[in-house]
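One letter stands for each residue in the lines below.
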Amino acid sequence: MTAIVAVDIGGTHARFAIAEVQDGRVLALGEAITLKTAEHASFQTAWQEFERLNGTHLPRAAAIAIAGPVDADIIKLTNNPWIIRRSMMCDELQVDNFVIVNDFGAVGHAVAQAGPEYFQHLTGPDQDFATDGTLSIIGPGTGLGVAHVWRKGATYHVQATEGGHMDFAPLDAIEDAVLARLRKRYRRVSVERVVSGPGLIDLYETLAAIEGRAVQQYDDKTLWQMGMSGKDSLAAAAVDRFCLSLGSVAGDIMLAQGGFAGVVIAGGLGLRIKDSLIRSGFAERFRAKGRFEGLMSAIPVKLIRHPQPGLFGAAAAYAQQHV
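All of these numbers come straight from a predicted model, not from anything done at the bench. (Residues numbered from 1 in each chain as written. Predicted model: local features only at pLDDT ≥ 70, side-chain atom pairs only at ≥ 80, totals over all residues. Heavy atoms only, no water.)

### Comments concerning the sheet that holds strand 12 (residues 155–161)
In step 1: Across the sheet, which stays open at both edges, the six strands sit in the order 9-14-13-10-11-12 with mixed pairing between neighbours. Each edge of the sheet is formed by a strand with only one pairing partner; in this case those strands are strand 9 (119–123) and strand 12. Pairwise comparison of adjacent strand axes, ignoring direction, gives a mean angle of 25° for this sheet.
In step 2: Across three bridges, the pairing between strand 13 (residues 262–265) and strand 14 (residues 301–304) is parallel. If you follow I265 over to strand 14, its bridge partner there is L303.
In step 3: With respect to the sheet, helix 7 (residues 233–257) is in contact with strand 10 (132–140), strand 11 (144–152), strand 12 and strand 13, its orientation differing from that of strand 10 by roughly 150°. (Pairing = 2+ DSSP bridges. Helix = DSSP H or I, 4+ residues; strand = E, 2+ residues; numbered from the N terminus. Axes fitted to C-alpha atoms, helices over the stretch in contact; angles between N-to-C directions. Contact = heavy atoms within 4.5 Å.)

This is the structure we're talking about:
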């Protein structure tokens, strides 16, 4: 058994936990400690604060998930002033080895290793995922994360992708209006412009324009709160439209990736809207693929509800590479 430090770094928060790994898998994940990135000058000082809070020397191995590209030696986070240098990591953190993965790549590892108790059924057959084949993963949040996991028994491979940047394809007149609205601002409209947290703004304002209603401008966080609470009927309608579009996109990605083993909806936004997904037209849109409707009906679609998929997935990535 090997003890490691698992880290999940986003724009606002960095989460730390001690994990135990063995034989390529995560055995245990300790309680997570969340630090605000704005309160720490660098990743190194946040690491030192976690060590202080932990009350003892940290393990000499690190598994780090980062919200952004991770291939370069110098990693600049998208919404975070920290700069991480691979070549200095061992010296700065006093570790012997480490793994750095993209945050959605970490989600892929979490999907591959989490037990069935961490998945909630959304549509399709209410059964466990097939142990062999490809799982498609879609995670709406600030953007739209897309990955897939190929599994054969206990062996698996995670592939993070940029599937969130494929073209948005309208299915009805309302989505035609959404596309027309977005095309005034963008030369090319990707699915991420619609199926992401900020995309709710354009859905809301498009619905208002169709009804000839003048509405106040809101940020996406406020609109989500208004829509989920039901306090604003137009915002609630925009949430329903979001669920429809997410169903369509999830089905498209599954077909493109060959995700016949199953589809996973991931991300904090997915968890927050799970009730809306179940009662909306998400399932119908997922299946609405013409001649492949029968095939789509046989695909289990689930929501991952692990409390710390980024930390768990980072630890799983380390276990795959080093243990």
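The structure having been displayed, the exposition proceeds.
### Remarks on the packing of aromatic side chains
In step 1: In total, this model carries seven aromatic pairs according to the counting rule given.
In step 2: Both rings, one in F119 and one in F129, keep their centres 5.5 Å apart while their planes meet at 80°; by these two values the pair is edge-to-face. You can see F119 sitting in strand 9 and its partner F129 sitting in the loop between strand 9 and strand 10, a full 10 residues away along the chain. For the pair formed by F119 and F129, the shared burial category is buried.
In step 3: Their ring planes at 85° and their centres at 5.0 Å tell us that W224 and F242 sit as a pair that is edge-to-face. Residue W224 is found in helix 6 (residues 220–229), and its partner F242 is found in helix 7; the two are separated by 18 residues along the sequence.
In step 4: The ring centre of Y186 lies 3.7 Å from the NZ or CZ of R193, which sits over that ring.
In step 5: It is K302 that lies over the ring of F129; its NZ or CZ is 5.6 Å from the centre. (Phe/Tyr/Trp six-rings, centres within 6.5 Å; stacked < 30°, edge-to-face > 60°. Buried < 20%, exposed > 50% of the residue type's maximum accessible area, 1.4 Å probe, protein only. Lys NZ or Arg CZ within 6 Å of the ring centre and 35° of its normal.)

### So, the pairing of strand 10
In step 1: The buried fraction of strand 10 is high, at seven of nine residues.
In step 2: By the bridge criterion, nine bridges tie strand 10 to strand 11 in an arrangement that is antiparallel. Bridge assignment links T134 to a residue of strand 11, and that residue is W150.
In step 3: The turn joining strand 10 and strand 11, which pair antiparallel and follow one another in sequence, is formed by three residues.
In step 4: With four bridges connecting them, strand 10 and strand 13 associate as parallel partners. Each residue of the ladder has a partner; that of L135, found in strand 13, is G262.

### A word on empty space enclosed by the protein
Empty space left among the atoms is revealed by rolling a probe the size of a water molecule over them.
In step 1: Tallying each qualifying case throughout the model produces one cavity of 30 Å³ or more.
In step 2: Of the voids in this model, the largest cavity is the one considered here, and its volume is about 60 Å³.
In step 3: Forming the boundary of the largest cavity are D167, F168, A169, L171, E175, V191, S245, S248, V249, D252 and R285.
In step 4: Per-element accounting of the lining of the largest cavity gives the leading share, four residues, to helix 7.
In step 5: Tallied by class, the residues present in the lining of the largest cavity amount to five nonpolar, two polar and four charged. (1 Å grid on protein atoms, 1.4 Å probe; cavity = no way out; pocket = protein on both sides within 12 Å on 5 of 7 lines; lining within 4 Å. Points joined across faces, edges and corners; volume = space filled by probe spheres on them. Nonpolar A, V, L, I, M, F, W, Y, C, P; charged D, E, K, R; others polar.)

### Description of the packing of helix 5 (residues 199–210) against helix 6
In a packed pair of helices, the relevant descriptors are the angle between the two axes and the axis-to-axis distance.
In step 1: Packing of helix 5 against helix 6 leaves a shortest axis separation of 8 Å and a crossing angle of 65°. Of the two elements, helix 5 crosses helix 6, and the hand of that crossing is left-handed. The segment helix 5 lies against helix 6, with L200, I201 and Y204 engaging D220, L223, W224 and M226.
In step 2: Residues that form the contact of helix 5 with helix 6 fall into these classes: six nonpolar, no polar and one charged. (Left-handed = near helix turned anticlockwise from the far one by under 90°.)

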